[in-house]
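So the chains spell out like this:
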Amino acid sequence: MKPALEVAGLPPRAAIIGWALRTPLGSDISALHQSLLRGERAAAPSPIFDTSSYPGSLVAAIVTPPKHSRHRRFLRRLGLLAIESVEDALAHARSRATFPLINSERIGLFFGYGGLRAHWDDLMLAMQNQQADADGNPTDLKNPLPATWEYGLRHLHPFWMLLHLSNNAHALCAEQLQIQGEGVTYGGSNAGAQALSGAIQALAAGAIDLAVVAAHDTLVEPEVLVEQGSKGVLTSANLQTLRAPYDRAAAGFVPGEATAALILQRPGEAASTPLAYLQVTDGADGENGAPHAHTLARVAARLGDLSDIQIVDGAARAQCALDGAERSLLAELVSNRAQLTAVQSALGQLGAAAPLVQCITLATQLQQEVLAGVAGLQQPAPGAMSVLQSPTATAAKAALLLSMGSPGLCGAVRLELP
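This is a predicted model, so every value here is computed, not measured.

1. Description of the overall build of the protein
Each helix and strand in the protein was counted, giving 12 helices and 15 strands. Taking 418 residues into account, the globule formula puts the C-alpha radius of gyration at 22 Å, and the protein, at 22 Å, falls close to it. Restricting to contacts in the protein with at least 6 residues of sequence separation, those with at least 24 account for 80%. As displayed, the protein has an accessible area near 17400 Å², and 52% of this comes from carbon and sulfur atoms. Charged side chains of the protein number 28 positive and 35 negative; the gap between the two group centres comes to 5 Å.

2. Let's talk about the packing of helix α1 (residues 29-37) against helix α12 (residues 354-368)
At a minimum axis distance of 10 Å, the contact between α1 and α12 shows a crossing angle of 80°. Taken as axis vectors, α1 and α12 run roughly perpendicular relative to one another. Here α1 contributes I29, L32, H33 and L36 to the contact with α12, which in turn contributes I360, T361, T364, Q365 and Q368. Split into classes, the residues belonging to the contact of α1 with α12 amount to four nonpolar, five polar and no charged.

3. Re the environment of W149
By the secondary structure assignment, W149 is in helix α4 (residues 147-150). A relative accessible area of 38% means that W149 is categorised as partly exposed. Between the C-alpha atoms of W149 and Q130, which are 19 residues apart in sequence, the distance is 9.0 Å.

4. Looking at the sheet that holds strand β7 (residues 257-265)
In space, the 11 strands of this open sheet follow the order β5-β4-β6-β7-β1-β8-β15-β14-β9-β10-β12, with mixed pairing throughout. Of all strands in the sheet, those with a lone pairing partner are β5 (183-187) and β12 (386-387), marking the two edges. One ladder, built from eight bridges, connects strand β14 (residues 398-405) with strand β15 (residues 409-416); its direction is antiparallel. Across the sheet, the residue bridging to A398 is E416, located in β15.

Parameters at a glance
Residues numbered from 1 in each chain as written. Predicted model: local features only at pLDDT ≥ 70, side-chain atom pairs only at ≥ 80, totals over all residues. Heavy atoms only, no water. Helix = DSSP H or I, 4+ residues; strand = E, 2+ residues; numbered from the N terminus. Rg over C-alpha atoms; globule rule 2.2 N^0.38 Å. Contact = heavy atoms within 4.5 Å. Areas by Shrake-Rupley, 256 points an atom, 1.4 Å probe, with all protein chains shown as cover. Lys, Arg positive; Asp, Glu negative; His and termini not counted. Charge placed at Lys NZ, Arg CZ, Asp CG, Glu CD. Axes fitted to C-alpha atoms, helices over the stretch in contact; angles between N-to-C directions. Parallel < 35°, antiparallel > 145°, perpendicular 65-115°, else oblique. Nonpolar A, V, L, I, M, F, W, Y, C, P; charged D, E, K, R; others polar. Buried < 20%, exposed > 50% of the residue type's maximum accessible area, 1.4 Å probe, protein only. Pairing = 2+ DSSP bridges.

What follows is the structure, given as structure tokens:
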């Protein structure tokens, strides 16, 4: 079929026909919705390793391990969970209607990944016992191996370098599910928004007829905690003193992790009523840390007229200056009755996975006509847009979803019910 015509100058729109996720508060979307309404927060001492000596001791980690998989040789925990999310999203799409018979060469796969990182748990085994003079003598037939090998390099997995490839999950998912169409792997803290935007553009251009979009990221690994801690963006609070984004005393975010997947089609081609429609924009300004609020507003404004938007799911950076500037500038674009919530207050900052998780959780709230408050909010900071403190009934049909990360990256999604 021919691509649907789009309004000139505006980003194209796509229909969501299936979805799935893995979050620190579970993978069942109905149960997750209830957890958000109860104001639950996933923040806790890490169940993976001792974080007491790190800049921030609280994390929001996924506690359910991935299922057994033949891909375990090449993928770590989040990559395996990402493939599970794709499988579940496709199953969800098929369960809702007669699934379209689309040639596998017309199905595209778009992955967002948090970025290349050297995994410390592997490196520590290889490096902790190394010696400064461990040269060895490769010409010695009795001991041809360098001493560095014996001192630890032998502990590295033979596929260690392959484990770091950013497109591992993409490639193995495509092979497992026989997805052979156009696709891209995006890397970095904004990769989820970029993957959504790229997939929607490919659908609009007619390059594919079905888009599978997935994103996975973790900010709870040792190397990420050290990096984020050095930037001063993590909360140093304990569970008793932890404050939420948009709170008067907000002082850093809780790092989290998630995977999510969306199945997209062109508007008007879905066999059943879509779960939601979405438009996506992304951008950057070169800042070392979070982008300037003006950049976030500029990227959101490219979605077109937002004066009907009454719900904003904020970027939730939990720093008073950033939160206040975000509220002030976004309030100029949306309805003067707009209300602010923040799913990442409950789940932790989700990096590249944030936009997809926001799509699923906010669409569910709009469908159920009830919005979750900002989890853990005690004293809302003064500023534009009222901040939701508790579950609130809504008749709104659209929401603006915002995400941002380093260096200077941001994404904006307009989500709308059919």
